[in-house]
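Examination of the molecular architecture
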Amino acid sequence: MNMYLHELKSLRKAAVIWSCSMIALAALFLSIYPSMARDAAEFKTMLGSYPASIRAMLGINLDYITSILGFYSMIFSFISLCGAIQAMNFGVSILSKESRERTADFLLVKPVSRSSIVSAKLLAAFTMILATDIVFYTASAVIANAVRTSDYSHKLFFMINLVLLFIQLIFLAVGMVISVFFNKLKNVLPLSLGVVFGFYMVGALIATGTKDEAARYASPFKYFDIPYIIDNAAYEVQYLIISGIIIAAAVAASYVIYNRKDIHAVN
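We now turn to the structure provided with this report. (Residues numbered from 1 in each chain as written. Predicted model: local features only at pLDDT ≥ 70, side-chain atom pairs only at ≥ 80, totals over all residues. Heavy atoms only, no water.)

Things to note about the overall build of the protein
Looking only at helices and strands, the protein has 11 helices and 0 strands in total. Its helices and strands taken in sequence order, the protein reads α-α-α-α-α-α-α-α-α-α-α from the N to the C terminus. Scored against the burial criterion, the 267 residues of the protein give a buried share of 46%. A sequence separation of at least 24 residues applies to 77% of the contacts in the protein between residues at least 6 apart. Counting every atom, the protein has about 12,800 Å² of accessible surface; 65% of that belongs to carbon and sulfur. (Helix = DSSP H or I, 4+ residues; strand = E, 2+ residues; numbered from the N terminus. Buried < 20%, exposed > 50% of the residue type's maximum accessible area, 1.4 Å probe, protein only. Contact = heavy atoms within 4.5 Å. Areas by Shrake-Rupley, 256 points an atom, 1.4 Å probe, with all protein chains shown as cover.)

Right, dumping it as structure tokens:
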């Protein structure tokens, strides 16, 4: 419990910064919605002039763009990108920071198993991500209600926001398993940004190019199609399953590798 609370404290500042950043991003874009809704036809015509590949890359769906859910789905890709960076950064840092901060020897001589260490750190990261998402959802719902020009489905709004948690859990697990392969990782941010932006660009290329459904498996950002959620009030089951497999496999691998690796403090 002490280790869990210590990790919560160490992640608290980052969680607050990411929460505020995502809320500010949502507020900035949603503040545009009332003026867009007043000139919906012109706005739709303007976006229709964009090449289809650009609209696909930006997540613009002309069938929904003038509704608040459709407009929110357009900006949600940027919010999910921020959330993925946060989760990836947590995943990479929680197991590597002991070596980076030269506290590995102190921690590992404690009468706790390595599995307990991983569990405490993982639970703390998950708690902070969940707290971030709850705060963000609450704030974004308040903002959406303030700027809406007509009624909308709060259930669908919640389901869209829940996608953020799913994506973050994937990148948290991926970050953990990547970090255990490094004995000396002095800076986690370049690695986190590189992996997240790499998957994001792959997703963008998939959206602008091939229509092959199998290609979507290459990027977690394409596992949850917002227009599909709006149309069906459901997630695509096969991508939920593959998300669960990725998370479970990455977390299990992190436990196994961390228990077996030699850990040294950075000189």
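Once you've had a look at it, read on.
A look at the nonpolar core
Ranked by internal contacts, the top residues of the largest apolar core, which has 79 residues, are Tyr-72 and Ile-79. Sorting elements by how many residues they give to this core places helix H5 (residues 68–100) first, with 18 residues. Excluding its chain neighbours within four sequence positions, the residues that come into contact with Tyr-72 are Leu-30, Ile-79, Phe-136, Ser-140, Phe-157, Ile-160 and Asn-161. (Core = buried A, V, L, I, M, F, W, Y, C linked by side-chain atoms within 4.5 Å.)

What to know about the environment of Tyr-235
By the element assignment, Tyr-235 lies in the loop between helix H10 (226–232) and helix H11 (237–260). Note on Tyr-235: relative accessible area 14%, which makes it buried. Between the C-alpha atoms of Tyr-235 and Asp-225, which are 10 residues apart in sequence, the distance is 7.9 Å. At a separation of 2.8 Å, a polar atom in the side chain of Tyr-235 contacts the main-chain carbonyl oxygen of Met-159. (Polar contact = N/O pair within 3.5 Å; in protein donor to acceptor, adjacent residues only side chain to side chain.)

Overview of the side chain of Ser-254
Secondary-structure assignment places Ser-254 in helix H11. Ser-254 gets classed as buried once you look at its relative accessible area, which sits at 0%. Dropping the residues within four chain positions of it, Ser-254 is found in contact with Ala-173, Met-176, Val-177 and Val-180.

Some remarks on helix H9 (residues 189–208)
Counted at 1.5 Å a residue, the expected span for H9 with its 20 residues is 28 Å, and the 28 Å between its end C-alpha atoms agrees. Every buried residue belonging to H9 is among Ser-192, Val-195, Val-196, Tyr-200, Gly-203, Ala-204, Ile-206 and Ala-207, and all of these are buried. (Expected span 1.5 Å × (residues − 1).)

Side note on the pattern of salt bridges
When charged atoms on two side chains of opposite charge get close, those side chains can pair. Counted under the stated rule, the structure contains 3 salt bridges. Close ionic contact of Glu-7 with Lys-121 constitutes a salt bridge, the shortest N to O distance being 2.9 Å. On the criterion of sequence distance, the pair formed by Glu-7 in helix H1 (residues 2–30) and Lys-121 in helix H7 (residues 114–147) is long-range, its members being 114 residues apart. Using a relative accessible area of 0% as the deciding quantity, one classes Lys-121 as buried. (Salt bridge = Lys/Arg side-chain N within 4 Å of Asp/Glu carboxyl O.)

A short note on the packing of helix H8 (residues 154–179) against H11
The relative placement of two packed helices comes down to the angle between their axes together with the axis-to-axis distance. One way to put it is that H8 packs onto H11 with a least axis distance of 8 Å and a crossing angle of 30°. What the angle tells us is that H8 and H11 run roughly parallel. Where H8 crosses over H11, the two elements pack in a sense that is left-handed. Across the interface between the two elements, Phe-166, Leu-169, Ile-170, Ala-173, Val-174, Met-176 and Val-177 from H8 touch Leu-240, Ser-243, Ile-246, Ile-247, Ala-250, Val-251, Ala-253 and Ser-254 from H11. (Axes fitted to C-alpha atoms, helices over the stretch in contact; angles between N-to-C directions. Parallel < 35°, antiparallel > 145°, perpendicular 65-115°, else oblique. Left-handed = near helix turned anticlockwise from the far one by under 90°.)

Considering the packing of aromatic side chains
Enumeration according to the criterion identifies 15 aromatic pairs in this entry. Relative to Phe-78, the ring of Phe-29 has its centre 6.0 Å away and its plane inclined at 5°; by these criteria the two rings are stacked. Residue Phe-29 is found in helix H1, and its partner Phe-78 is found in helix H5; the two are separated by 49 residues along the sequence. Accessibility expressed as a relative area gives 24% for Phe-29, which makes it partly exposed. (Phe/Tyr/Trp six-rings, centres within 6.5 Å; stacked < 30°, edge-to-face > 60°.)

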